[in-house]
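Remarks on the overall topology
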Amino acid sequence: MTRSFPTLSTPAGAVPATAPAWNRQRRSQMPSHRYRDVFARTPVPDMRDRSWPDARIAEAPLWVPVDLRDGNQALVEPMDPARKRRFFELMVAMGYMEIEVGYPSASRTDFDFVRLLAAGGVVPEDVTIVVFTPARADLIARTVESIEGCAGEVVVHMYTATAPTWREVVLGVDRDALADMVLAGAAEVHRLVGDDPRVRFEFSPEVFNLTEPDYVLDLCDRVTALWDARPERPVILNLPATVEVATPNVYADQIEHVHRGLARRDGVILSVHPHDDRGTGVACAELAVLAGAQRVEGCLFGNGERTGNVDLVTLALNLHAQGVDPMIDFSDIDEIRRTVEHCNRIAVHERHPYVGDLVHTAFSGTHQDAISKGFAHHRAAAAAAGVPESEAPWDVPYLPIDPADVGRDYDAVIRVNSQSGKGGIAYLLRAGYGLELPRPLQIDFSRHVQHATDASGAEATAAQLWELFTGTYLAPAEPLVTLHEWQAASTGDGHDELEVDLTIRGERAVHHATGAGPVDALTRVLGGAGLPVEVLGLTQQSLEGGSDARAITYVEHRCPDRVAWAAGLGTSVLEASLAAVVAAACHRAASAS
């Protein structure tokens, strides 16, 4: 049967003459002739004696997250200072020792954030911060001003685009003029901070991967000579695949060419900064490390301009899966993800490697059977060896790492799928009651569904699922806290005053509190009554159209021993949110007791 898709045209050109008989693909209507491959755009070094294919990665490179600068400038809504600080503190807690923190000459927000860090008390003494600047004297001066008084080590990262198209179209200069610009900038950096032993230097020939190899080497050698690169004060040379344009092996050849050809190699830290325009940024970074790179810049979960920067989480956990310590702590991947999603205001995809909600989930029955048998074998092997399961060698079908390594409970994840196969939990609740459960809540609820259906041996109807859902997540029939009436008003400074009529432990009273919104104010009231609620995430949903629509709110909150969920219903999303927080307080109190 032929389907009609108005904007598509089934390829109707000729079958290429060189195609084998079994390949009947025809030429498409796509204008691929408009584009040139990398070999037509820039000289690629002849690396017939390349060594990287035989190399192995035996230790982690120095990871340098650039989320606060490169990632931040790619956000629809750039981070405010509070989000930037929260992100910085997360990266420090994870173990990153060198962090690019901003572009101080680009905005007052970035300048003020760097000044906050430089003022002391925020940056641990063993953590190095990196500040980013173009090779322009006035912008360099502004950048140096931002780090004055910094007690710890700082890297001043200077960049200039060097590729022919950028030289000719963007900057309007030739090779010699651009080299003069770079060297003038490098001299200015050295003049302003060259005598400060706490400051080191970094240079990025932006769009390195489309720049002539001889030009890159000459320019880098002249910069490292000016900066007096030596082992005791090494210079970072960062070679970006600013726009990914070739297969990863080409990038590896380009990196190895520089690695071999640098004049002061022992005084250089060779760094890479791949982007993901072709979807192979991770492969480019891994092959670049094989080719001699010692340092990798990227972003957590791959945020960045266009298709993103290289993903430092995937890179590090790829090493972990090969038995190499990534030197960064991912043991609570969900907390890391929640923080990054909050700071970036971008959700992490459900299929994101290692991190997505579905990456340890098997929908196929044959996969589930193999995994279950693999778990049983793993438990038996650990017992036979007399070691904890967490220390036993890992070799379970379909799972490259143990989900427990990153704080995941695999049993909870697989159970949602086995039950989805029986009753279609999420589908029935959506079709029957309009619920759009967040994926983690689907996983949590599926455990309750499986317990109920295992006991009955029957399929669960939509009505039964709704009854089980409300009984599990809404406030209990005889709650510790009852919400009667409430009134909220803005104070005009980004806060709200809440007046709320509550019965707490049988005593009814009207309470007042101010917070960053009514929900925050209510948590302050409950905390003052000895019922603390730590809200980790809040999802609001209208169930019907219209101004008097019924609404539901799902709250992810922390119990003493786990992360839990609660829900609230109301005539508005705000009323539903307050009801959900009350339900969370009731559930947390019950859990604590």
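Source: prediction; values computed, not measured. (Residues numbered from 1 in each chain as written. Predicted model: local features only at pLDDT ≥ 70, side-chain atom pairs only at ≥ 80, totals over all residues. Heavy atoms only, no water.)

Looking at unusual backbone geometry
- With a phi angle near 55°, Asp 228 is a residue other than glycine that sits in the positive phi range.
- Within the secondary structure, Asp 228 is located in the loop between α8 (213–226) and β6 (235–241).
- Backbone geometry at Arg 306 places phi at a positive 55°, although glycine is not the residue there.
- By the secondary structure assignment, Arg 306 is in the loop between β8 (295–298) and α11 (312–321). (Helix = DSSP H or I, 4+ residues; strand = E, 2+ residues; numbered from the N terminus.)

Some thoughts on a nonpolar patch on the surface
- There is a patch of nonpolar side chains on the surface, built from Val 169, Val 170, Leu 171 and Met 181 and spanning about 360 Å² of accessible area.
- Top element by residues in the nonpolar patch is helix α6 (residues 164–171). It accounts for three residues.
- Following the sequence through the fold, Val 170 ends up in helix α6.
- The class for Val 170 is exposed, based on a relative accessible area of 57%. (Patch = residues over 30% accessible without salt bridge, like charges linked within 9 Å, V, L, I, M, F, W, Y side chains within 5 Å. Areas by Shrake-Rupley, 256 points an atom, 1.4 Å probe, with all protein chains shown as cover. Salt bridge = Lys/Arg side-chain N within 4 Å of Asp/Glu carboxyl O. Buried < 20%, exposed > 50% of the residue type's maximum accessible area, 1.4 Å probe, protein only.)

What to know about the sheet that holds strand β1 (residues 62–65)
- With parallel pairing, eight strands are arranged side by side in an open sheet as β1-β8-β7-β6-β5-β4-β3-β2. Looking at which strands have only one partner, the edges of the open sheet turn out to be β1 and β2 (98–102). Here the average twist between neighbouring strands, direction ignored, is 25°.
- Where β1 and β8 come together, four bridges link them in parallel fashion. If you follow Val 64 over to β8, its bridge partner there is Glu 297. (Pairing = 2+ DSSP bridges. Axes fitted to C-alpha atoms, helices over the stretch in contact; angles between N-to-C directions.)

Quick notes on the domain arrangement of the protein
- Taken as a whole, the protein is organised into domain 1 (53–344), domain 2 (365–472) and domain 3 (481–592).
- In this structure, domain 1 and domain 2 have C-alpha centres spaced 41 Å apart.
- Between domain 1 and domain 2, the contact holds nine residues from the first and seven residues from the second.
- Contact between domain 1 and domain 2 buries roughly 600 Å² in total, counting both sides, with carbon and sulfur atoms accounting for 53%.
- Area buried by domain 1 at its contact with domain 2 is led by His 320, Ser 331 and Ile 333, which between them contribute 48% of it.
- Counting across the domain 1 and domain 2 interface gives one salt bridge.
- Salt-bridge contacts for Arg 408 lead to Asp 334; the nearest nitrogen and oxygen are separated by 3.0 Å.
- Classifying every residue of the side of domain 1 that touches domain 2 gives four nonpolar, two polar and three charged. (Domains from an automatic or database assignment. Contact = heavy atoms within 4.5 Å. Buried area = accessible area lost by both parts, 1.4 Å probe. Nonpolar A, V, L, I, M, F, W, Y, C, P; charged D, E, K, R; others polar.)

Considering helix α4 (residues 108–118)
- Among the residues of α4, those classed as buried are Asp 110, Phe 111, Phe 113, Val 114, Leu 117 and Ala 118. Viewed end-on, α4 has its buried residues packed into an arc of 165°, placing them on one side of the element.
- Against α2 (67–71), α3 (81–94), β2, β3 (128–134) and α5 (137–146) lie the buried residues of α4. (Arc of directions from axis to C-beta.)

Digging into the environment of Arg 167
- Along the chain, the position of Arg 167 falls in helix α6.
- The exposure class of Arg 167 is buried, given its relative accessible area of 4%.
- As a C-alpha pair, Arg 167 and Ala 383 span 216 residues in sequence and 64 Å in three-dimensional space.
- Look past the residues within four positions of Arg 167 in its chain and what remains in contact with it is Thr 162, Gly 172, Val 173, Asp 174, Arg 175, Leu 178, Glu 212 and Tyr 215.
- A distance of 2.7 Å separates a polar side-chain atom of Arg 167 from the backbone oxygen of Thr 162. (Polar contact = N/O pair within 3.5 Å; in protein donor to acceptor, adjacent residues only side chain to side chain.)

Brief notes about the nonpolar core
- Within the largest apolar cluster, 90 residues are counted, with the highest numbers of intra-cluster contacts made by Trp 63, Tyr 96, Val 101, Ile 255, Leu 300 and Phe 330.
- Ranked by the residues each element gives to this core, the list is headed by helix α7 (residues 175–193), at seven residues.
- In this structure, Tyr 96 is in contact with Trp 63, Pro 65, Met 91, Val 127, Leu 300, Leu 312, Ile 328 and Phe 330, ignoring residues within four places of it in sequence.
- If you look at the next biggest cluster of nonpolar residues, it comprises 21 residues, including Ala 521, Leu 531, Val 582 and Cys 586. (Core = buried A, V, L, I, M, F, W, Y, C linked by side-chain atoms within 4.5 Å.)

Comments concerning the UniProt feature "domain: Pyruvate carboxyltransferase" (unreviewed entry) in the protein
- Following the UniProt record, one finds the feature "domain: Pyruvate carboxyltransferase" (unreviewed entry) at residues 61–334.
- The distance from the first to the last C-alpha atom of residues 61–334 is 24 Å, and the span holds 43% helix and 18% strand. (UniProt positions renumbered as here; feature names shortened; annotations may be inferred.)

Side note on the UniProt feature "binding site: Mg(2+)" (unreviewed entry) in the protein
- Mapped onto this structure's residue numbering, the UniProt feature "binding site: Mg(2+)" (unreviewed entry) falls at Asp 70, His 273, His 275 and Asn 309. Sequence-wise these annotated residues cover 240 residues; spatially they are packed, their C-alpha atoms never more than 10.9 Å apart.
- In this structure, Asp 70 sits in helix α2.
- Other than its neighbours up to four places away in sequence, Asp 70 contacts Glu 100, His 273, His 275, Glu 305 and Asn 309.
- Within the fold, Asn 309 resides in the loop between β8 and α11.
- On the basis of relative accessible area, Asn 309 is assigned to the buried category, the value being 2%.
- Residue contacts for Asn 309: discarding those within four places in its chain leaves Asp 70, Gly 71, His 273, Pro 274, His 275, Gly 298, Cys 299, Gly 302, Asn 303 and Gly 304.

Focus on the sheet that holds strand β14 (residues 563–570)
- On the basis of which strands lie adjacent, the open sheet formed by three strands has the order β12-β13-β14 and antiparallel pairing. Bordering the open sheet on either side are β12 (535–542) and β14, each of which pairs with just one other strand. If you compare each strand with its neighbour and ignore which way they point, the axes differ by 15° on average.
- Bridge count between strand β13 (residues 551–558) and β14: eight bridges; the pairing is antiparallel. Bridge pairing links Ile 552 to Leu 569 in β14.
- Helix-sheet contacts for helix α17 (residues 462–473) involve β13 and β14, and the interaxial angle to β14 is about 110°.

Considering α7
- For α7, built from 19 residues, the straight-helix expectation of 27 Å at 1.5 Å per residue is met to within 8% by its first-to-last C-alpha distance of 27 Å.
- Tucked into the core, α7 has its buried residues touching α5, β4 (154–161), α6, β5 (199–206) and α8.
- Residue Asp 174 occupies the N-cap position of α7, its side-chain oxygen lying 3.3 Å from the main-chain nitrogen of Asp 176. (Expected span 1.5 Å × (residues − 1).)

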